[in-house]
Amino acid sequence: MENTHSYSMKKKIVNVFVHLFLAVLGVIWVFPIFWVIMTSFRAGKGSYSTTFIPKEFTIDNYVKLFQERSVFDFPRMFGNTFVVAVFSCILSLFFLISIAYVMSRMRFKMRKPFLNIALVLGMFPGFMSMIAVYYILKGVGLIDGGLKLLALVLVYSGGANLLSFYVAKGFFDTIPKGIDEAAYMEGATRWDVLTKIIMPLSKPILVYTMLQSFIAPWTDFIFAKVIIGSEAKYYTVAVGLWNMLNKENIYNWYTRFAAGAVCISIPIAILFIYVQRYYADGLSGAVKG
């Protein structure tokens, strides 16, 4: 009985320390978010403040962010980012699901070498190819013309396929192949199997892929900055907010920068909350595969 009681006490002590540790991590994680929100409601200009909680609250930072468009046109930045994110999401979803289906359901000579090559290439960060991608886009006329947003869509939708299809493939592998064979016996084509059987059964992974493909262009700065350059009419929110922190703009735009950061986080938060259940199911299904 003593050993059991001693073990129980040790287990309770460990649980208390684990919960305290997680609570500290939670505070550390939430603190910057809370600070940005507080700054977005702070009256006055400049980045310096003597208090964490603003002495005076105002919504002028949000109002001016959308109304004063002569220096930074935030509504246009928001629209550019939304268009790029939506079209990148659609193309990425089509590419990823197509590749994942082929790799999961078909067998051909170079299948395993292709999977190995894709796995190795996917381990390298995307920005390593940034210069090469820039000159390729420049060579086909997508940089110097008015097609910079199209160039961003192509970069994001094409770059999403190196490793992400492994997740979808893992989920497709969990679906019994006997269902496919039964459909073929009834006269179904591969396209019918993909669209009428596999995709309806794969809603979690489709939502997971969609969410990942939408968030990447929504928050990316590196490729957007390289491709867009200094043309303000093509700014995405990441590039626009970064320019607000330049030394000539930071004093007047710092609190509006915080307001912009809050604004761009709202759509992602709403989308994630709405599809959270499917997101978790997609991850668990991919792990099983």
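Structural data are supplied above this passage.
For every chain, the first residue of its written sequence is number 1, and the numbers climb from 1 along that sequence. Totals for whole chains, interfaces and linings use every residue, but because this is a predicted model, local features are given only for residues with pLDDT of at least 70 and side-chain atom pairs only at 80 or more, for both listing and counting. Derived side-chain values reflect all non-hydrogen atoms in the structure, with water molecules and hydrogen atoms excluded from consideration.

### Description of the side chain of Arg42
To be explicit about the condition: Secondary structure elements follow DSSP: runs of H or I no shorter than four residues count as helices, runs of E no shorter than two count as strands, and numbering proceeds from the N terminus. In what follows, a contact means two residues having at least one pair of non-hydrogen atoms within 4.5 Å.
With respect to the helices and strands, the residue Arg42 is situated in the loop between α1 (2-40) and α2 (60-67). Discounting residues that sit within four places of it in the chain, Arg42 has contacts with Ser47, Tyr48, Ser49, Pro54, Glu56, Thr58, Asn61, Tyr254 and Thr255.

### Overview of the pattern of salt bridges
Side chains that differ in sign of charge can pair as their charged atoms come close. Condition: One side-chain nitrogen of Lys or Arg within 4 Å of one carboxyl oxygen of Asp or Glu is enough to make a salt bridge. Only protein chains enter the calculation, and the probe is 1.4 Å; a residue is then buried if its accessible area is under 20% of its type maximum, exposed if over 50%, and partly exposed in between.
Applying the stated criterion to the full structure yields five salt bridges. Ionic pairing is found between Glu68 and Arg256, a salt bridge with its closest N-O pair at 2.7 Å. Taken together, the residues Glu68 in the loop between α2 and α3 (74-105) and Arg256 in helix α13 (residues 250-288) connect sequence positions 188 residues apart. On the basis of relative accessibility, which here comes to 7%, the residue Arg256 falls in the buried class. We note a salt bridge from Asp180 to Arg105, for which the minimum N-O separation is 2.6 Å. With Asp180 in helix α8 (residues 177-185) and Arg105 in helix α3, this pair connects stretches of sequence that are 75 residues apart.

### What about empty space enclosed by the protein?
The rolling of a water-molecule-sized probe over the atoms marks out the regions of remaining empty space. Rule in force here: Using protein atoms alone on a 1 Å grid, points that fit a 1.4 Å probe yet trap it form a cavity, whereas open point sets bounded by protein on both sides within 12 Å along at least five of seven lines form a pocket; residues with an atom within 4 Å of a point count as lining. Grid points are joined across faces, edges and corners, and a volume is the space filled by probe spheres set on the points. Gly is placed with the polar residues, together with every amino acid not listed as nonpolar (Ala, Val, Leu, Ile, Met, Phe, Trp, Tyr, Cys and Pro) or charged (Asp, Glu, Lys and Arg).
On inspection of all chains with the given rule, the structure shows one cavity of 30 Å³ or more. Here the largest cavity defines a volume of roughly 30 Å³. Every residue along the wall of the largest cavity is listed here: Trp35, Val36, Thr39, Tyr254, Phe257 and Ala258. Counting only elements with at least two residues in the lining of the largest cavity, the list comes to α1 and α13. Of the residues that constitute the lining of the largest cavity, the class distribution is five nonpolar, one polar and no charged.

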